[in-house]
Every structure is written in structure tokens, then in C-alpha cells.
Amino acid sequence: MAYTRKDIEQQHTQYKGMMPRWEYYIRSYLGGKEYQDGKFLQEYQLELESEYFKRLAYTPLDNHARNVIDIYSSFLFRVLPTRELGSLADDMSVEQFLDDADLEGRSFNALMREAQNYASVYGHCWIMVDKPSVNVMTRGEELEQGIRPYLNIYTPENILDWKYTRAETGYYYLEYLKIRECIEDDGEYYKIWYLDKVDTVFLPTANRDEPKLIESLPNPLGKIPAVILYNQRSPMRGIGVSDLTDIADLQKSIYNELSEIEQIIRLSNHPSLVKTRDTEAVGGAGSIIEIPDNIDANLKPYILQPSGSNLDGVIKSIMHKVDAINRLSHVGAIRATGERIQSGIALRTEFQLLNARLAQKAKLMEHAEEQIWRLFALWQETIFDGEVEYPDTFDIRDWATDLELLQQAKASNIKSTTFNKELDKQIARTVIEEDDMLEVIDQEIDTNTQALGEFAQQPITLPTV
């Protein structure tokens, strides 16, 4: 099949609409020079280009986007998923795959964590389950040569076009997928997947040169081995919802207000001197200004110094936007650096909302990973009959508040052995994490039939008459 430049450069309609947002999201997450190159500072009227670039260099970025996503990732992978691989457990290549999933030394868990981070930023990411095309006779030769399935992660800006088709049963399947593999100085390499073949195409940088078909290989699976890891599903097939949808805009607003603070401080500490051309003056503390003797009184030099009274207003605006970010992401209690006056009910509600969001992410990851193992088994000419389980709930609690409540309940001195035993167990679970140690403590509490602080009353014996 001969490809034209128009065929390769053709993009999906949703790709064209989402590409600016994806670029905005990844710059917001990366920060640093990537964020500066995005030029997200609002330009002033009549501002010189040199002055604008100077403001870009002087303005710091308080990267809330990265902080929020890193918090989500730390909770999601605090407890690793459990995998029952079924018949795949006997496949010797599975252990190699778990240790080195991308043939570059990264483990399968590390790769899934990276994919989840990208999905949080972009809304989704693509995971391809591929296998080297090498002619071997036996499975033993495959193991000797290290030929096995491996993973490739593609961010959405590298998936230029795709097509879903609805089967007679109502199931939608991927029929066509165009991937930009890499960009070189002389051109770009693309891999185009069909149900029956896989084409590798080189597109030269020169506009007049037509693309070249490097190789065309049969697709032995009969399906495209691509999995979409969604952060959150959207009404558009193949497009997810990013965690930074609103957070990135608030971060950009804070970024601009930090530039305003820098300008206010600079202008307040270094006022502008207004003088005639003939007046000799040098800036700095203790400087002397020499003016002509016959100068008009209306032309005497003077200083323009804006007041810094609006500085507090800008700082309050920034704090309000930070609170909005915490409210949108449900991580206010975790990101708090100072004392937050918040009721126990409000804290528990916030933890429950965060737990619900993390549980939703975990379910989508669980679904994506099971699809990966099905494709892995398909490459190995078998069937995946196992099960993957990510944590259903994330125990996010304010341990200090819980411990204080339990201690207050313990001090109430309720005359109930069962009640006091249960309180002792709850206190132990609050301060100790090891399951084996907790089991020993529970046994010790249960064998103690007398509550601490309680004394059995001695029987009263009446004297004999």
C-alpha cells in the first residue's frame, strides 16, 4: 500500500480539538522551563518583548498540579495489586515480564505507575502490548532469545488517528490506529496498525518528499493490541478526563499573581526618578542629584513610587485559589502545612471524597491491567483465566484525631469489660501497623478478663456471733 503525505498527516477530529489542552496539561505538570516556554504570563499593554521575557525568568511557579497528582499516585500504589494469573502462572516468560515489562529494565508495577501518572495528566494514555517479530521454531528458543511480549506507553499527542467500529453484538472494537513512534532530524517514524497488518512508515521533513514504507508485517492477533488506561471516562470514546481540568487554570492564575507580587515589590523598593535630560543623577542610596541653577521649579526632579497597599489583597487572592485547588482535589487535609480549623465531620467527609476518587482510579487500572494480561496471553497463544485486584478502599484517616477520641472514650471509665477491650484494640490499630503484632496484642487483650483500672470487689464476710 502506497501512502501519501496527506494520509500520514491526517489527524482525528478529537485529536485536533484536544491537542492544545494536552500540551497545556503536560506543561502544567512538568513546570520549570517547559512552563516558561508555554508563555502563560499575561502580557501588559505596551510591554516590550525583552521586559516580558524578563518577567518570565523572574516569576516562580508554585506547582500544585504535580503535587496533587503525586499525592494520588502515592496512595494508589501504597499497597500493590494482587494478581492471580491462572494458567499464565506456568509461563516462564511471565516472571521476566514482571521484572522487565518494557525491555528497558522497568518493572511492570513501575510501568503501571507511570501510565497512571500520564493518565492523570492527560485524562488517558495508551498501552501497546507488542511482541518482537522473530522466526523461531519452539517456545524454548523464544525463552533463550528473550522473545516475549512487552509494553509501550504512548501519551495522547502521539496517537494521531484511530477508528472504532461497532460489531454486530454491539461491542466496539479498535479497527485502525496510527502512532507516531519517534521524531528525528530528517523526519518522523509512524506505526500504523490494522486488523491484518502493521505498517512502519517514514515521513521526511521536506514537504515535497512522499512517505516511505519501511516494512509491512502481518498482524497475527487479528486485533490491535492496544489498551486505553482512563483516568476518568468522558462521553467521547478514546478521550479521558484529566485531573488538571480545573486545577491547571487555577495554577496559571496563581502564577500570574505571583508575577504581580514580584512587580509590586520591585517597584516599591526601587521607585522611578523623573528628571530632565540636563539633570545629573545616579541611582542608589545616598546619591546626589545636580540640577542647573536656572531650572524652572516645575521641572525639578521627583520620584514615582507606588504604594504596596494592594500586596495583601493579591496574597489573599492566591490563598483563596489554593483553597479552591484543595477543595477540587479533596487533598486539603493532606496538603495543609499549617493549622487548619476544621471539624471532625468535615475532615471525614473530605477523606471519604478522596477515597471515592482513588477507588474509581483503582477500578479503571484494574480493568486496564486485565486487558493487558488478555493480550499477553493472546501473544502466547493461550487464554487469560486469572484475576487482578487493586485495593477497593484506601484507609485515609486523621489518626491523631482518632487517637484523641479513643483516649477520651477510655477516660470516660465506662464499667464494661467488653467496651474497654474493644477500645484497647482500636488504640492499638491506630498506632501499630504490623498485622502480626496486632494479632498478638488482640490475643493478649482477649485473655485479660479484667479491664485495666478495674479492681474486683472482695467478698464481705460477716463475723460469727
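What counts and how
- Residues numbered from 1 in each chain as written.
- Predicted model: local features only at pLDDT ≥ 70, side-chain atom pairs only at ≥ 80, totals over all residues.
- Heavy atoms only, no water.
- Buried < 20%, exposed > 50% of the residue type's maximum accessible area, 1.4 Å probe, protein only.
- Helix = DSSP H or I, 4+ residues; strand = E, 2+ residues; numbered from the N terminus.
- Pairing = 2+ DSSP bridges.
- Axes fitted to C-alpha atoms, helices over the stretch in contact; angles between N-to-C directions.
- Salt bridge = Lys/Arg side-chain N within 4 Å of Asp/Glu carboxyl O.
- Patch = residues over 30% accessible without salt bridge, like charges linked within 9 Å, V, L, I, M, F, W, Y side chains within 5 Å.
- Areas by Shrake-Rupley, 256 points an atom, 1.4 Å probe, with all protein chains shown as cover.
- Core = buried A, V, L, I, M, F, W, Y, C linked by side-chain atoms within 4.5 Å.
- Contact = heavy atoms within 4.5 Å.

1. Points about the pairing of strand 7 (residues 197-204)
The buried fraction of strand 7 is high, at 7 of 8 residues. Here 7 bridges tie strand 6 (residues 187-193) to strand 7, and the two strands are oriented antiparallel to one another. Paired with Glu 188 across the two strands is Leu 203, which belongs to strand 7. Counting the residues between successive antiparallel strands, the hairpin from strand 6 to strand 7 contains 3 residues. Where strand 7 lies against strand 8 (residues 212-218), 6 bridges are found, and the strand directions are antiparallel. Residue Val 201 lies in a different strand from strand 8, and its bridge partner there is Leu 213.

2. Points about the sheet that holds strand 3 (residues 150-154)
Pairing in this open sheet of 3 strands is antiparallel, and the strands run 3-2-9 from one edge to the other. Of all the strands in the sheet, just strand 3 and strand 9 (226-230) have a single pairing partner and so form its edges. Each strand axis lies, on average, 25° off the axis of its neighbour in the sheet, ignoring direction. Where strand 2 (residues 124-130) lies against strand 3, 5 bridges are found, and the strand directions are antiparallel. The residue of strand 3 that forms the bridge with Ile 127 is Ile 153.

3. Quick look at the pattern of salt bridges
Taken as a whole, this structure holds 19 salt bridges when the rule is applied. With a shortest N-O distance of 3.5 Å, Lys 197 and Asp 199 are connected by a salt bridge. According to the relative accessible area criterion, Asp 199 is buried, its value standing at 0%. Three or more residues are tied together by salt bridges with common partners; here these are Glu 23, Arg 27 and Glu 34.

4. Observations regarding the sheet that holds strand 5 (residues 172-183)
On the basis of which strands lie adjacent, the open sheet formed by 5 strands has the order 4-5-6-7-8 and antiparallel pairing. The open sheet has two free edges, formed respectively by strand 4 (159-166) and strand 8, since each of these has just one partner strand. Taken pair by pair, the neighbouring strands of this sheet meet at an average axis angle of 15°, ignoring direction. Sheet topology note: the strand 4/strand 5 ladder contains 7 bridges and is antiparallel. Bridge pairing in strand 5 links Ile 159 to Ile 179.

5. Looking at the pairing of strand 9
The buried count for strand 9 comes to 5 of 5 residues, which makes it a mostly enclosed element. Side chains of strand 9 alternate between two faces, with Ala 226, Ile 228 and Tyr 230 and Val 227 and Leu 229 buried alike. When strand 2 meets strand 9, the two strands line up antiparallel, connected through 5 bridges. Residue pairing in the sheet places Trp 126 in a bridge with Ile 228 of strand 9.

6. Digging into a nonpolar patch on the surface
A contiguous nonpolar surface patch, about 330 Å² in accessible area, is contributed by Leu 273, Ile 289, Ile 291 and Ile 303. Along the chain, Ile 303 falls in strand 11 (residues 302-304). Classification of Ile 303 as exposed rests on a relative accessible area of 55%.

7. Comments concerning the nonpolar core
Among the nonpolar cores identified, the biggest contains 93 residues, and Leu 151, Leu 177, Leu 244 and Trp 373 are the most heavily contacted of them. With 12 residues, the single largest contributor to this core is helix 12 (residues 344-379). Those residues in contact with Leu 177 that lie beyond four places of it in its chain are Trp 126, Met 128, Ile 159, Asp 161, Trp 162, Lys 191, Ile 192, Trp 193, Ile 224 and Ala 226.

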